[in-house]
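Coordinates in review
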Amino acid sequence: MRQRIYAEQRIPYPLRRVGNRGEGKFERISWEEAFKEIGQKLRGTIDTYGNEAVYLNYGTGALGSTMGKSWPPAATPVARLMNLVGGYLNHYSDYSTCQITVGMPYLYGGSWVDGNSLSDMENSELAVFFGNNPSETRMSGCKAKTLQHARFTRNTRVIIIDPRYTDSMVSVGDEWIPIRPGTDAALSAALAYVMITEDLIDKPFLAKYTIGYDEESLPKGAPAGSSYKSYILGQGPDKTPKTPAWASRITGIPPARIEKLAREIAGARPCFICQGWGPQRRSNGELNCWSIMMLPLLTGQVGLPGTSNGCREGSYSISLQSLPAGDNPIKAKIPVFLFTEAIDHGTEMTALNSAVTGADKLNQNIKCMLNYAGNCLTNQHGDINYAHDILADESKCEFIVVWETAMTDSAKYADILLPDLFRFEQVSQIGTGGDNAYMISGQPCTTPKFERKTLYDALTLIADKMGVKEQFTEGKTQEEWIKELYEKTREKDTELPTYDEAMEMGVYTRKNPKGATIAFEAFRNDPAANPLDTPTGKIEIYSETLAGIAATWELGEEDLISPIPVYTHGFTETDVPTDEFPLRCSGFHYRGRTHSSWGGIELLKEVNPQEAWINPADAKERSIKQGDKIRVKNAFGEIELLAKVTPRVVPGTVCISQGAWHDADMYGDRVDKGGCINTLTTHRPSPLAKGNPQHSNICQVTKA
Ligand SMILES: Nc1nc2c(c(=O)[nH]1)N[C@H]1C(S)=C(S)[C@@H](COP(=O)(O)OP(=O)(O)OC[C@H]3O[C@@H](n4cnc5c(=O)[nH]c(N)nc54)[C@H](O)[C@@H]3O)O[C@H]1N2
Ligand SMILES: Nc1nc2c(c(=O)[nH]1)N[C@H]1C(S)=C(S)[C@@H](COP(=O)(O)OP(=O)(O)OC[C@H]3O[C@@H](n4cnc5c(=O)[nH]c(N)nc54)[C@H](O)[C@@H]3O)O[C@H]1N2
Ligand SMILES: [Mo]
């Protein structure tokens, strides 16, 4: 924290851009000049283009009751200000879980479904993790510890299926099954093939709780041969039985291991099957994650202690009221990943070609962006070189405001850059959770330095220029809001300590009163009394709604939307290796950073260098040795970083952690010396969710 507060990259003063966008050249200005210019530009945009031309970009850097909303990070105090002056173009979903959040409700209903708590794994005989790495992605909070505890309480066996031998494998795994990324659906289909042909499935469970498994339970409108079972046995349109030999060619897993895994899963009682969000952050992500969820359904291992529903482990959280954002008069929303498209050609985006919701189409391109606590203009978004070309063109998005603590790559695209305070430099309160819930209440640990201001104070002064100061503050300071919001939370959650006690405690934790969350417990106990909110109230293995979407949406080539979970390789340009780009390149979330946050700190970089994991066989072919400087290249761009030559990655795939700071001369050769994987990712969204397929890449690797 000290390294971060006093970092060289921190922004001390309000700045105005003087160079080109992305160059990072700024001049110091006063707050008064900054507010005046922002007020004028906002007013000008609204008068000329309407409120729909103002966009609030995604950002997860600051969460808290008067900062961002806890989750999703859309309704920040910036939204409150914009709603007071006529609204703004909003987005839906997030970069974390887009494909699973949008895809899941067709199967299970509900806007979001989690699995059983991780602690419940202690009741399982076998746990199978698909692309789930809590030891690294849940380092803080309480899940990494829970994972260890649950694994060793009753000696639950843990199998981890991942292109990498992850830190979770190191800490709790019994066996690693290396898989080619993006092929879990082929593996799952072959596991289903073995279970069906060896009569290992739970037929009474499927009959009682699901539709679409076999021809008998298909909805009336569905064509013959379109059930899941027909697909698996080769009795559907593709006439291909999904045998272990078939899946082996796709996944790289030997047929005998697939057969054994099917018997192990079908034989274990209870069996805890879960996935992280790696398998869904792909061009075929919706189908890839859905296919994994078939395994607990085929074996009836859902809704009971020690099982799960194939999703990520459940959480128990404290949710605090946040500063009310008010109502947005603009109803149109875009998928979060499509903001670059909405700058470039928003008026061509419709419900049917871009999954715009709340309206049939957009009436305006984005002309002004307010970017608070996010590095998603470039660094964390897909295809940085493409994003740069769109953002650098000042005739497209005419005005960009960024609130930051550090001079990030996105900050370099700001027209006005405002120096923010960290949460720990102001009074703040945040509620969150893991296996147990917790709340952090904090007094500032130091006084504000230079001319940094809280977001709330900065917005108050912009609101003043826009003539809505009174409505924005309602006469309250930030701390008065925090107190008042906390009292509102306490009216509902009466167990919480008083405000003064909470501030004194700093960290307040609470155990899940149920011990563990069991997903779908009520539905399993009595499906008639507790139907799911799918059209049939059951688990829909065949979704007529999806069949309808597939028939009506305007889809591009290889944009496969299917009513049942099938395997597809995804987009050729990102998922099928070629002679020029013969390797797959898959990302992951890294212990050395939270995305790009902490990514500028030299001490952390020393212990967590930016490396590409490459298998010794692939390295040898290229004369690459451990620690060599290498270049990774594809059709979208080129990066430079170090080689980690290791058998901990499946041959034919390199793995690169996401979030390293992009460092390229964007008006020169554009080679990214920072090793940011988004120099190599696509901006093309996944078919159904229109989400970020940032783990789907192909590449070539050479010695630098
Ligand atoms: N290739 C690839 N790209 C990815 C992913 C991936 O797996 N692969 N993952 C995606 C996911 S899941 C996510 S959630 C996104 C995350 O993307 P972002 O939300 O952009 O997350 P960060 O990169 O951490 O950027 C947060 C920024 O907030 C700033 N910040 C921190 N505290 C404060 C504060 O108090 N005030 C202000 N104003 N700023 C602050 C930090 O300096 C940092 O620049 O990235 C996505 N991008
Ligand atoms: N230390 C740290 N923790 C974090 C974050 C961070 O940046 N750093 N970010 C936080 C945020 S906002 C989020 S959204 C979560 C992200 O959580 P996740 O999305 O679950 O994290 P990832 O590392 O992207 O993916 C998990 C694992 O999936 C593997 N994987 C990738 N593709 C596939 C595939 O096709 N099949 C299979 N079987 N495995 C695959 C990866 O190798 C990785 O080990 O993490 C959170 N926690
Ligand atoms: Mo995320």
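Note that the structure is a prediction, hence the values are computed from the model and not measured.

What counts, and at which threshold
- Numbering of residues starts from 1 in each chain and follows the order in which that chain's sequence is written.
- Chain letters and ligand numbers both follow the written order, the letters beginning at A and the numbers at 1.
- Local features in this predicted model are restricted to residues whose pLDDT is 70 or higher, and side-chain atom pairs enter the listing and the counts only when it is 80 or higher, whereas totals over whole chains, interfaces and linings include all residues.
- With hydrogens and water excluded, all non-hydrogen atoms of the structure serve as input to the side-chain values.
- Type-normalised accessible area, obtained with a 1.4 Å probe on protein chains alone, sets the label of each residue: buried when under 20%, exposed when over 50%, and partly exposed for intermediate values.
- Secondary structure is summarised from DSSP: a helix means a run of H or I of at least four residues, a strand means a run of E of at least two, and numbering begins at the N terminus for each.
- Each pair of strands is called paired provided DSSP finds at least two bridges between the two strands.
- For this description, a residue counts as near a given molecule or strand if any of its non-hydrogen atoms is within 4 Å of it.
- Contacts described as polar in this section are N or O atom pairs within 3.5 Å, which, within protein, must combine one atom able to donate a hydrogen with one able to accept it, while residues neighboring in sequence count only if both atoms come from side chains.
- Accessible surface is estimated by sampling points in the Shrake-Rupley manner with a 1.4 Å probe; for residues, cover comes only from the protein chains shown.
- Pairing of aromatic rings covers Phe, Tyr and Trp, the last through its six-membered ring, and needs centres within 6.5 Å; plane angles under 30 degrees mean stacked, over 60 mean edge-to-face, and all others mean tilted.
- In this description, a line fitted to the C-alpha atoms serves as the axis of each element, helices being fitted only across the stretch in contact, and the angle between N-to-C directions of two axes falls anywhere from 0 to 180 degrees.
- We call Asp, Glu, Lys and Arg charged. Ala, Val, Leu, Ile, Met, Phe, Trp, Tyr, Cys and Pro are nonpolar, and the rest, Gly among them, are polar.

Within strand 15 (residues 428-434), 5 of the 7 residues are buried, leaving the element largely enclosed by the surrounding structure. In this structure, strand 10 (residues 316-317) lies alongside strand 15, joined through 2 bridges in antiparallel fashion. By the bridge assignment, Tyr316 is partnered in strand 15 with Gly434. Bridge count between strand 15 and strand 16 (residues 437-442): 6 bridges; the pairing is antiparallel. When the bridges of strand 16 are listed, Ile430 appears paired with Ile440. The antiparallel pairing of strand 15 with strand 16 creates a hairpin that spans 2 residues between the two strands.

Here we come to the site of ligand 1. Taken together, 34 residues are adjacent to ligand 1, and Asn375, Glu404, Ser596, Ser597 and Asn678 come closest. Interatomic distance of 3.3 Å between a backbone N/O atom of Ala373 and an oxygen atom of ligand 1. Out of a free accessible area of 920 Å², ligand 1 has 98% covered by protein chains.

What follows covers the packing of aromatic side chains. Per the stated rule, a full pass over the model turns up 18 aromatic pairs. Look at Tyr209 and Phe523: their rings are 5.3 Å apart centre to centre, the planes differ by 65 degrees, and that puts the pair in the edge-to-face class. Of this pair, Tyr209 sits in helix 9 (residues 203-209) while Phe523 sits in helix 21 (residues 521-525); the two residues are 314 residues apart in sequence, bridging distant segments of the chain. Looking at Tyr209, the relative accessible area reads 5%, which means it is buried. Considering the side-chain rings of Phe588 and Tyr590, the 6.0 Å spacing of their centres and the 90 degrees angle between planes classify their relative orientation as edge-to-face. By relative accessible area, Tyr590 is classed as buried at 10%. Grouping aromatic residues by their ring pairs yields a cluster made of Tyr108, Phe205, Tyr209, Phe520 and Phe523.

With that out of the way, let us pick up the sheet that holds strand 2 (residues 26-28). Taken in spatial order, the 6 strands make up an open sheet running 2-1-14-13-12-3, and their pairing is mixed. Because the sheet does not close on itself, it has two edges, and the strands there are strand 2 and strand 3 (54-56). Neighbour-to-neighbour, the strand axes of this sheet turn through a mean angle of 20 degrees, independent of strand direction. One ladder, built from 3 bridges, connects strand 1 (residues 15-17) with strand 2; its direction is antiparallel. Bridged to Arg17 within strand 2 is Phe26.

Attention shifts here to the site of ligand 2. Near ligand 2 lie 34 residues; those nearest to it are Thr137, Gly182, Asp184, Arg593 and His695. Here an oxygen atom of ligand 2 and a side-chain polar atom of Asp162 are 2.8 Å apart. Within the contact set of ligand 2, an oxygen atom lies 2.8 Å away from a side-chain nitrogen or oxygen of Arg281. Summarising the interface, the protein chains cover 95% of the accessible area of ligand 2, which totals 910 Å² for the free molecule. Those elements giving two or more residues to the shell around ligand 2 turn out to be helix 5 (134-137), strand 6 (157-162) and strand 19 (583-588). Each residue belonging to the shell around ligand 2 can be placed in one class, and the counts come to 9 nonpolar, 15 polar and 10 charged.

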